[in-house]
Amino acid sequence: MERELLGYHGSDEKYVVSMKKDNFKMRVSKSSFPNDLGIGAYFYLERGEGEALENVRKYLKKYKKNYETLVGLEVPIVVDEELILDFNIRESSEIFEEFIRKNRENIDKELNKYHEKSRGFLRGNFDGIAMELFLEFLGVDADLIIKDTFTKFDDEYKRSNFHNGREVCVRNPKIIQLSKIRIAERIERDEEKEKLKCL
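A. Inspection of the packing of aromatic side chains at higher detail. Following the criterion strictly, the structure yields 9 aromatic pairs and no others. Seen from their ring centres, Phe24 and Phe43 are 5.1 Å apart, and the 75° between their planes marks the pair as edge-to-face. One end of the pair, Phe24, is in the loop between helix H1 (16-22) and strand E2 (41-45); the other, Phe43, is in strand E2, with 19 residues separating them in the sequence. For the pair shown, Phe24 and Phe43 are each scored as buried. With 5.2 Å between their ring centres and 80° between their planes, Phe96 and Phe134 make a pair best called edge-to-face. Placement of Phe96 in helix H3 (residues 90-102) and of Phe134 in helix H6 (residues 127-138) is noted, with a sequence separation of 38 residues between them. Residues Phe96 and Phe134 agree in their burial class; the two are buried. Grouped by ring-pair contacts, the aromatic residues Phe87, Phe96, Phe99, Phe134 and Phe137 constitute a single cluster.

Now the structure itself:
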């Protein structure tokens, strides 16, 4: 059975046309690790009214300083329910945690492929590397991964044991309904705050 989802993604408006034509990038740069849920395109899902788009706003303002025209995109996704790996299900999380405990040596070997001064090492979160090994070793076929996560949106609240959003990692770009992507919101920067930070 197919499941329809609406993902929300932040971008620069100038990239939207090429995104709808060529799809989302699914690669990892040499200076970083796979993101926490592995290699794929990332979106926020709605948990409560307005949370997903609000997280897109915060993410863009915090991490995409070089973007000129900020937009929040609404992205329809249609996926076979059998190909969803949902880490909000307790059993799935426990299997992954056990895999990490039993395969720390293999994870460390994979870490050696990255430069210790790369952004991934500085961030100190190796879940993406563990996720890729987990999927490969166990032969898990997943088009999409879901998990409630915590994103650091400001410099004060850096870490938390409680989630502030629900993310999906799309591993199969074919499940993204490119022709139906729309701009949900054009996002204004807080220019006064940006100026104060520069002083």
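B. Just the pairing of E2, in detail. Most of E2 is tucked away, with 5 of its 5 residues classed as buried. Along E2, one buried face is formed by Ala41, Phe43 and Leu45 and the opposite face, lined by Tyr42 and Tyr44, is buried too.

C. Inspection of unusual backbone geometry at higher detail. Unusually for a residue other than glycine, Asn23 sits at a positive phi of about 75°. By the element assignment, Asn23 lies in the loop between H1 and E2.

Parameters and conventions
- Residues numbered from 1 in each chain as written.
- Predicted model: local features only at pLDDT ≥ 70, side-chain atom pairs only at ≥ 80, totals over all residues.
- Heavy atoms only, no water.
- Phe/Tyr/Trp six-rings, centres within 6.5 Å; stacked < 30°, edge-to-face > 60°.
- Helix = DSSP H or I, 4+ residues; strand = E, 2+ residues; numbered from the N terminus.
- Buried < 20%, exposed > 50% of the residue type's maximum accessible area, 1.4 Å probe, protein only.

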